[in-house]
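Residue-level listing of the chains:
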Amino acid sequence: MANLPIIQPDNPILRKRAHKVTSFDAKFQKLIDDMVETLEKAPGVGLAAPQVAVSLRVFIARLPDDEQSKQEYGENAGVLFVFANPEFVKTSKSMVEGVEGCLSIPGWVGTVDRHEEVVIRGQDRHGKPIKMKAKGWLARVFQHEADHLDGRLYIDIAKDVWQPDDEEDQPADEMNAEKRPE
Ligand SMILES: [Zn+2]
């Protein structure tokens, strides 16, 4: 496995409509393995192939599986989702507002409206058809990652974008302080 470099919007691959996955061969398996390793080392919950400069319609997602996440996401916490050639067969009318970041746009976040619930269909890493319902944060992650496959970034649809300043980073520091041995 290899940790792949994550490209930023100055690279035109990020803005292209990605190609359909047609071969689930050894090369594709290596790409998925590399994407999993890349996501493990990055501060994110999802990664689309165009972000590692591969113009293919596939993304991976994995929500954290700490205790709080398990309560929040239930059985979806910590599960690795791989969707090749994804499409939304159903999207809820109700939209929810949330704050998103993107590994390709480090240092920035934005407020984005997403469908609260989606039904997504696609293929797993071996080409087997899969279909599932997702809501809340997972539905948001799927929509963000699927957008990447069409060359769309959250900054295109965000109501506002900003760079979190040091003050907003303080809770993390406080958490670290709590963990300090007495
Ligand atoms: Zn992204």
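Below you will find a few notes about this structure.

Conventions used here
Residues numbered from 1 in each chain as written. Predicted model: local features only at pLDDT ≥ 70, side-chain atom pairs only at ≥ 80, totals over all residues. Pairing = 2+ DSSP bridges. Helix = DSSP H or I, 4+ residues; strand = E, 2+ residues; numbered from the N terminus. Axes fitted to C-alpha atoms, helices over the stretch in contact; angles between N-to-C directions. Contact = placed C-beta atoms within 7 Å. Core = buried A, V, L, I, M, F, W, Y, C linked by C-beta atoms within 7 Å. Buried ≥ 20, exposed ≤ 12 C-beta atoms within 10 Å, placed from the backbone.

## Some details on the sheet that holds strand E5 (residues 109-115)
Strand pairing in a sheet is mediated by backbone hydrogen bonds. Such pairs are either parallel or antiparallel.
Point 1. Across the sheet, three strands lie side by side as E4-E5-E8; this open sheet has antiparallel pairing. Unpaired on one side and paired on the other, strand E4 (95-101) and strand E8 (160-162) mark the two borders of the sheet. Adjacent strand axes in the sheet meet at a mean angle of 35 degrees when their direction is disregarded.
Point 2. Across three bridges, E5 lies against E8 in antiparallel orientation. The residue of E8 that forms the bridge with Gly110 is Val161.
Point 3. Lying on the sheet, helix H3 (residues 136-148) is in contact with E4 and E5; it crosses E5 at an angle near 105 degrees.

## Structural notes on the nonpolar core
Point 1. In this structure, Met35, Ala49, Val58, Phe59, Ile60, Ala61 and Phe142 are the most contacted members of the largest nonpolar core, which totals 30 residues.
Point 2. Broken down by secondary-structure element, the contributors of at least two residues to this core are helix H1 (26-41), strand E1 (46-48), strand E2 (58-62), strand E3 (80-91), strand E6 (117-123) and H3.
Point 3. Look past the residues within four positions of Val58 in its chain and what remains in contact with it is Val21, Ala49, Phe83 and Ala84.

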